[in-house]
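Observations on the model geometry
Listed below, chain by chain, are the residues.
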Amino acid sequence: MYLPNQFAEPRVEELHRILRENSLGMLVTHTATGLEVHHLPFLLDAAAGSVGILTAHVARSNLVWQEVRDGDEVLVVFRGVHGYISPNWYPGKQQTHRRVPTWNYEVVHAHGTIHVRDDEKFIWGVVARLTRQHELDQPKPWKMGDAPPDYLAEQLRHIVGIEVRLSRLEGKRKLNQHHEQQDREGAILGLELQGNHGLAQAMTDTTRKASS
């Protein structure tokens, strides 16, 4: 990943936050047939290993769990907030017209090794934790006990667990850090007016840190 110093995010806790808030990751594997990408919701165990462990599950009919070897190196990409930045939002553009469009974003590349976990206890635990995490904001959260046991057991037989033991996290937060404060503030206002509040907030936090 191209990573200029001003956009690098070295803080592990910040990278973990992006993973948790944007849990649909792109699992990149290198198999005998070439590069493959699989889009999976992941769980992060931040306390495990050196920088964490990711767990997920795939359909048994998805050949990824058979095409990888235990311990193969993989990459999981997580994209956070992002959006287009118009040069018209920069006050400096009105003064010199020396501004161009750009795209701001947060992204994490999670490097590690993949391990297939085809056992009922592991798969049950992954599904239970995923369910709890994503049902939290529901008025009446669904839980695995709501489904008939025989139906649930049948569904679980159709999936396989995977674990990615992380070795390295690489993070990038491209948020106009290299622009003057008035231009950053103009871009934040433009994003707010467009309804992209998440990216606006990320830029606001970065602007405050830069000025403090």
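As a reminder, the structure under discussion sits directly above these lines.
Throughout what follows, the structure given in this document is the object of discussion.

Criteria and cut-off values
- Position numbers for residues start from 1 in each chain and track the written sequence from start to end.
- For a predicted model such as this one, the threshold for reporting local features is a pLDDT of at least 70, and the threshold for listing and counting side-chain atom pairs is 80 or more; totals across whole chains, interfaces and linings nevertheless cover every residue.
- Computation of side-chain values covers all heavy atoms of the structure but excludes hydrogens and water.
- Helix numbers and strand numbers start at the N terminus; a helix is a DSSP run of H or I with at least 4 residues, a strand a run of E with at least 2.
- Relative accessibility under 20% of the residue-type maximum defines a buried residue, over 50% an exposed one, and the middle range a partly exposed one, all with a 1.4 Å probe and only protein chains included.
- Note on contacts: a residue pair is in contact if any heavy atoms of the two residues lie within 4.5 Å.
- For accessible areas, the Shrake-Rupley method is used with a probe of radius 1.4 Å. Any residue's cover is judged against the shown protein chains and nothing else.
- We score Asp and Glu as negative and Lys and Arg as positive, and we do not count His or the chain ends.
- To locate a charge, the coordinates of NZ of Lys, CZ of Arg, CG of Asp or CD of Glu are taken.
- Polar contacts, as counted here, are pairs of nitrogen or oxygen atoms within 3.5 Å of one another; within protein the pair requires one atom able to donate a hydrogen and one able to accept it, and residues that are adjacent in sequence qualify only if both atoms are side-chain atoms.
- When DSSP finds two or more bridges between a pair of strands, those strands are recorded as paired.
- Simply put, an axis is a line fit to the C-alpha atoms, just over the touching stretch for a helix, and the angle between two N-to-C directions goes from 0 to 180 degrees.
- Take the buried residues of types Ala, Val, Leu, Ile, Met, Phe, Trp, Tyr and Cys, join any two whose side-chain atoms come within 4.5 Å, and each joined set is a nonpolar core.
- By definition, a salt bridge exists where a carboxyl oxygen of Asp or Glu is found within 4 Å of a side-chain nitrogen of Lys or Arg.
- Only protein atoms enter the calculation, which uses a 1 Å grid: trapped sets of points that fit a 1.4 Å probe without letting it out are cavities, open sets showing protein on both sides within 12 Å along at least five of seven lines are pockets, and any residue with an atom within 4 Å of a point is a lining residue.
- Grid points are joined across faces, edges and corners, and a volume is the space filled by probe spheres set on the points.
- Ten residues, namely Ala, Val, Leu, Ile, Met, Phe, Trp, Tyr, Cys and Pro, are considered nonpolar, four, namely Asp, Glu, Lys and Arg, are considered charged, and the remaining ones, Gly among them, are considered polar.

The next subject is the overall build of the chain. Each helix and strand in the chain was counted, giving seven helices and seven strands. Secondary structure elements of the chain occur, N-terminal to C-terminal, as α-β-β-β-β-α-β-α-β-α-α-β-α-α. Counting only C-alpha atoms and orienting by the principal axes, one finds that the chain spans roughly 70 × 45 × 30 Å. Within the span of the chain, comprising 212 residues, buried residues form 45% of the whole. Within the chain, contacts between residues separated by at least 24 positions form 74% of all contacts whose residues are at least 6 apart in sequence. Per element, the accessible surface of the chain, about 12,100 Å² overall, is 53% carbon and sulfur. When the 24 basic and 26 acidic side-chain charges of the chain are each reduced to a single mean position, those positions are 5 Å apart.

When you line up the elements, His38 lands in strand S2 (residues 34-41). For His38, the side chain forms a polar contact with the side chain of Asn62, separated by 3.5 Å. Non-local contacts of His38, meaning those with residues more than four positions away in its chain, are made with Gly25, Met26, Leu27, Thr29, Asn62 and Val64.

If you trace the seven strands from one edge of the open sheet to the other, you get S2-S1-S5-S6-S7-S4-S3, paired in antiparallel fashion. Taken across any chain shown, the strands that pair with only one partner, and hence form the sheet edges, are S2 and strand S3 (43-45). In this sheet, neighbouring strand axes are inclined to one another by 35 degrees on average, regardless of whether the strands run parallel or antiparallel. Bridge count for S3 against strand S4 (residues 53-59) is three bridges, and the pairing is antiparallel. Directly across from Leu44, in S4, lies its bridge partner Leu54. Together, S3, S4, strand S5 (73-85), strand S6 (102-117) and strand S7 (159-174) form the strand contacts of helix H1 (residues 12-21), whose direction differs from that of S7 by roughly 125 degrees.

This paragraph deals with the nonpolar core. Of all hydrophobic cores here, the largest spans 25 residues; its most connected members are Leu27, Phe42, Leu54, Val76, Phe78, Ile162 and Leu166. Taken together, the elements giving at least two residues each to this core come down to H1, S4, helix H2 (64-67), S5, S6 and S7. Per element, the largest residue contribution to this core is five residues, and it comes from S7. In contact with Leu27, not counting residues within four places along its chain, are Glu36, Val37, His38, Leu40, Phe42, Val74, Leu75, Val76, Ile114 and Ile162. Ranked by size, the runner-up nonpolar core spans ten residues in total, among them Ile188, Leu191, Leu199 and Ala202.

On to the pattern of salt bridges. Going through the model one piece at a time under the given rule, you end up with 15 salt bridges. The partner of Asp119 in a salt bridge is Arg117, and the shortest N-O contact between them spans 3.6 Å. Residue classification places Asp119 among the partly exposed positions, given a relative accessible area of 29%. Residue class for Arg117 comes out partly exposed when judged on its relative accessible area of 26%. Residues Glu163 and Arg117 are paired through a salt bridge, measuring 3.4 Å at the closest nitrogen-oxygen approach. One end of the pair, Glu163, is in strand S7; the other, Arg117, is in strand S6, and 46 residues separate them in sequence. For Glu163, a relative accessible area of 9% puts it in the buried group.

This part covers the layout of surface pockets. Rolled over the atoms, a probe as big as a water molecule pinpoints where empty space is left. Empty space within the largest pocket amounts to approximately 290 Å³. Looking at the largest pocket, it is lined by 16 residues, and the ones nearest its centre are Leu43, Leu44, Asp45, Thr55 and Arg129. Tallied by class, residues from the lining of the largest pocket come to nine nonpolar, three polar and four charged. Lining the second largest pocket are Arg60, Asp118, Asp119, Glu120, Ile123, Trp124, Pro149, Leu152, Ala153, Leu156, Arg157 and Ile159. Only helix H4 (120-135) and helix H5 (149-156) provide two or more residues apiece to the lining of the second largest pocket. Residue contributions to the lining of the second largest pocket peak at four residues, all from H5. Residue composition of the lining of the second largest pocket, by class: seven nonpolar, no polar and five charged.

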